[in-house]
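# Notes for the structure review
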Amino acid sequence: MNLKNQLVKKSDYLWELPTHVKKGMKVPVQVYASKKILEEIGGDKSLEQLTNVAMLPGITKASIVMPDVHEGYGFPIGGIAATSWPDGGISPGGIGYDINCGVRLLASHLKREDLLRRGEDLAKALYAQVPSGVGKGGNILLSEKELDEVLRRGVQWALEKGYAVPEDIAKIESQGQLDNSDPQFVSEYAKRRGIDQLGTIGSGNHFVEVSYIDEIYDEEIAATFGLKLGRLTVLIHTGSRGLGHQVASDYMKVMVASMGKYGISVPDRELACVPFNSQEGQEYFKAMAAAANYAWCNRQVITWEIRNAWEEFFKGKNTQLDLVYDVAHNIAKVEDHVVNGEKKKLIVHRKGSTRSFGPGHPEVTDCYKQTGQPVIIPGSMGTASYVMAGTAHAMEESFGSTCHGAGRRMSRRAAQRSVNIHELEKELAGRNIFVRAGSRSGVSEEAPIAYKDIDEVIEVVHQAGIAKKVARLRPMAVIKG
DNA sequence: ATGTTC
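Residues numbered from 1 in each chain as written. Chains lettered and ligands numbered in written order. Predicted model: local features only at pLDDT ≥ 70, side-chain atom pairs only at ≥ 80, totals over all residues. Heavy atoms only, no water.

What the rule picks out here adds up to one cavity of 30 Å³ or more. When its volume is computed, the largest cavity comes out at roughly 60 Å³. Every residue lining the largest cavity is listed: Leu50, Val53, Ser63, Ile64, Phe75, Pro76, Gly79, Ile80, Ala81, Gly94, His349 and Lys351. Among the elements of the structure, helix H2 (46-53), strand S4 (59-70), strand S5 (77-84) and strand S13 (342-351) are those that each provide at least two residues to the lining of the largest cavity. (1 Å grid on protein atoms, 1.4 Å probe; cavity = no way out; pocket = protein on both sides within 12 Å on 5 of 7 lines; lining within 4 Å. Points joined across faces, edges and corners; volume = space filled by probe spheres on them. Helix = DSSP H or I, 4+ residues; strand = E, 2+ residues; numbered from the N terminus.)

So, in structure tokens, the structure goes:
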């Protein structure tokens with residue numbers, strides 16, 4: 001039975017697969033999409049994966065997915081799965097291999113004109129300063145003891161070492177430090193992979209991008225976020241590198257091996273999970289938090305590298321780079337939500353989804369309390385990125401979550417086959433966008449054609465009311481692995 | 001995403 005044909009329209013931007021479409025579903029599947037987006041989804045396993053997620057132990061309200069959905073490991077990317085605390089399932093597949101993959105936005109005091117005709121040079125300068133590529137190590141030498149401090153204390157460690165300024169801390173989700181971290185549950189192998197990778201971007205869809213603000217949708221919120229028309233900004237997209245990947249791999253094995261003892265069965269072993277309050281569940285949660293802290297530290301050290309390069313490149317000008325905000329895209333958190341009028345503590349898995357807490361939410365930092373948290377959504381290489389604000393409506397509908405990017409519509413392999421790198425680079429250069437990448441595959445796999453239309457994705461979440469448009473960014477210089 | 005088949 002074709003699942004796509006069974007989607008029931010709830011509104012122009014919200015569709016549902018009722019529980020009766022598949023035996024074992026405990027909750028419906030909730031899909032945020034427009035007609036246009038719907039045409040591009042369901043060609044992969046994502047809808048089937050969503051019905052599987054709807055069978056997880058303790059799954060609450062709905063198996064939710066955003067318009068940037070595509071197939072992932074067990075769970076689709078672009079999804080949210082909230083399970084009941086304390087004994088609902090926690091699943092590494094619901095967070096993903098790149099724990100706390102996320103994005104951070106820096107706002108400069110310089111204008112687009114300050115970079116005209118120098119975009120290529122800046123791309124080179126940043127490429128020289130920020131290590132990138134698969135398996136690539138960096139320039140920060142950590143002792144094993146220091147790595148444990150990074151894992152335990154996240155950006156607090158970076159602040160003490162001079163990689164952060166005090167103003168940065170409040171502008172990071174969870175202040176860049178999950179306090180449930182415990183490095184003793186991160187394997188020695190994972191630590192070995194992470195010890196020399198702090199301050200590196202990696203490969204795949206990870207990047208550093210210099211953009212300028214070309215459109216403001218909400219003047220008041222943009223002003224609060226420190227965003228002005230025509231100003232240059234910097235986006236940093238990366239995660240926990242080899243360390244987080246290893247934590248995910250390690251615990252996926254643990255979950256498969258111990259699931260049975262808790263009487264849990266799932267329709268796909270990639271959804272392997274254990275009760276959150278079991279020993280294995282707690283150990284994973286603590287290791288995941290350690291990897292998340294590593295990722296925040298990684299984006300912080302990259303910020304430091306970029307600030308140094310920026311100062312050197314724009315010598316004589318105002319070279320301050322203010323952190324606007326830093327959001328996690330792949331993470332699980334224990335949060336309070338209201339479900340059917342009842343206040344509940346839930347384990348919220350976000351996999352390729354951004355927290356979108358609205359005005360007044362207690363976890364939103366003071367300086368953004370009136371506006372809601374900044375939500376930063378990168379597009380694909382060469383296309384626009386967006387800054388949005390969290391909404392109260394997201395709390396009611398999507399566990400305070402929204403989309404995280406454009407979302408793939410083509411596999412990496414298919415993209416490699418269909419993209420001519422030379423022509424793509426020429427086309428981008430014609431639009432004054434300079435790409436500096438370490439590998440050819442890094443460019444072709446991330447070509448705009450391999451992704452959905454970011455403008456359409458943004459329109460869906462904006463119209464659905466689960467995030468609010470604030471500003472649009474246009475790329476000028478990109479560095480990739 | 002990932003020392004891309006530890």
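To continue, consider the UniProt feature "binding site: Mn(2+) 2" (unreviewed entry) in chain A. Under the present numbering, the feature "binding site: Mn(2+) 2" (unreviewed entry) in UniProt falls on His237 and His329. Taken along the chain, the residues just named run across 93 residues; in space they keep tight, none of their C-alpha pairs more than 10.0 Å apart. Within the annotated group, the residues that form the lining of the largest pocket are His237 and His329. With respect to the helices and strands, His237 occurs in strand S9 (residues 231-238). Using a relative accessible area of 6% as the deciding quantity, one classes His237 as buried. Excluding anything up to four places from it in sequence, His237 contacts Cys101, Gly102, Val103, Asn205, His206, Phe207 and His329. Within the local environment of His237, its side chain forms a polar contact with the backbone oxygen of Asn205, the two atoms lying 3.2 Å apart. Structurally, the position occupied by His329 is in the loop between strand S11 (321-328) and strand S12 (330-339). Residue class for His329 comes out buried when judged on its relative accessible area of 1%. (UniProt positions renumbered as here; feature names shortened; annotations may be inferred. Buried < 20%, exposed > 50% of the residue type's maximum accessible area, 1.4 Å probe, protein only. Contact = heavy atoms within 4.5 Å. Polar contact = N/O pair within 3.5 Å; in protein donor to acceptor, adjacent residues only side chain to side chain.)

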